[in-house]
Amino acid sequence: QVQLVESGGGLVQPGGSLKLSCAVSGFTFSSYAMSWVRQAPGKGLEWVSEINSIGGNPYYADSVKGRFTISRDNAKNTLYLQMNSLKPEDTAVYYCATTVGPRDYWGQGTQVTVSS
């Protein structure tokens, strides 16, 4: 079955960096676009970034543009999100997500907390 497992979250000070990973199984990873989505405490879901199946055409939300970089390694079935210059407002649970056929799939999320 389709599985997406995020890792790499944690507590970081403002201005710091983290790199999130999303290990994928159960479908042909290299055939599908992938996204990162986040949910801050008490708020709705916010789309963060998307990358196409071959690692091109990355898109970013204005709130993270210039600070976050999405990438993927199709040989390792893994999606990444490099987050630099982190701000307290980046605090959220981060999810990787994709659509395969008629269904959306999400991981369990990884918590990122930006605080001094």
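Residue positions within a chain follow its written sequence, with the count starting from 1. Confidence filtering applies because this is a predicted model: local features only for residues at pLDDT of at least 70, side-chain atom pairs given and counted only at 80 or more, and all residues used for totals across whole chains, interfaces and linings. Note that water and hydrogens are dropped before the side-chain values are worked out from all heavy atoms of the structure.

A. Structural detail: the packing of aromatic side chains. Under the pairing criterion, centres of Phe, Tyr and Trp rings, with the six-membered ring standing for Trp, must be within 6.5 Å; the plane angle then separates stacked pairs below 30 degrees from edge-to-face pairs above 60, leaving the rest tilted. Per the counting criterion, the structure on display carries two aromatic pairs. Taken together, a centroid distance of 5.9 Å and an interplanar angle of 80 degrees make the contact between Tyr95 and Trp106 edge-to-face. Here Trp106 lies in strand S10 (residues 103–106) and Tyr95 lies in strand S9 (residues 92–100), a separation of 11 residues in the sequence. Partly exposed describes any residue whose relative accessible area lies between the buried limit of under 20% and the exposed limit of over 50%, with all areas from a 1.4 Å probe on protein chains only and scaled to the type maximum. Look at Tyr95 and you get buried, because its relative accessible area is 17%. Lys19 extends its terminal NZ or CZ atom over the ring of Tyr80, reaching a point 4.6 Å from the ring centre. Over the aromatic face of Phe29 sits the side chain of Arg72, whose NZ or CZ is 4.1 Å from the ring centroid. By definition, any uninterrupted DSSP run of H or I lasting at least four residues is a helix, any uninterrupted run of E lasting at least two residues is a strand, and each is numbered from the N terminus. Sitting over a ring, as applied to charges here, requires NZ of Lys or CZ of Arg to be within 6 Å of the ring centre and within 35 degrees of the ring normal.

B. Layout of the sheet that holds strand S1 (residues 3–7). Should DSSP find at least two bridges between two strands, the strands are regarded as paired. Strand order in the open sheet formed by four strands is S1-S3-S8-S7, and the pairing between neighbours is antiparallel. Of all strands in the sheet, those bounded by a partner on one side alone are S1 and strand S7 (68–73). Each strand of the sheet is rotated relative to its neighbour by a mean of 15 degrees, with strand direction disregarded. Note that strand S3 (residues 18–25) and strand S8 (residues 78–83) share six bridges and pair antiparallel. In the sheet register, Leu20 faces S8, and the bridge partner there is Leu81. For helices, the axis comes from a line fit to the C-alpha atoms of the stretch in contact; other axes are also lines fit to C-alpha atoms, and the angle between any two N-to-C directions lies between 0 and 180 degrees.

Any link to function would need more than the numbers given here.
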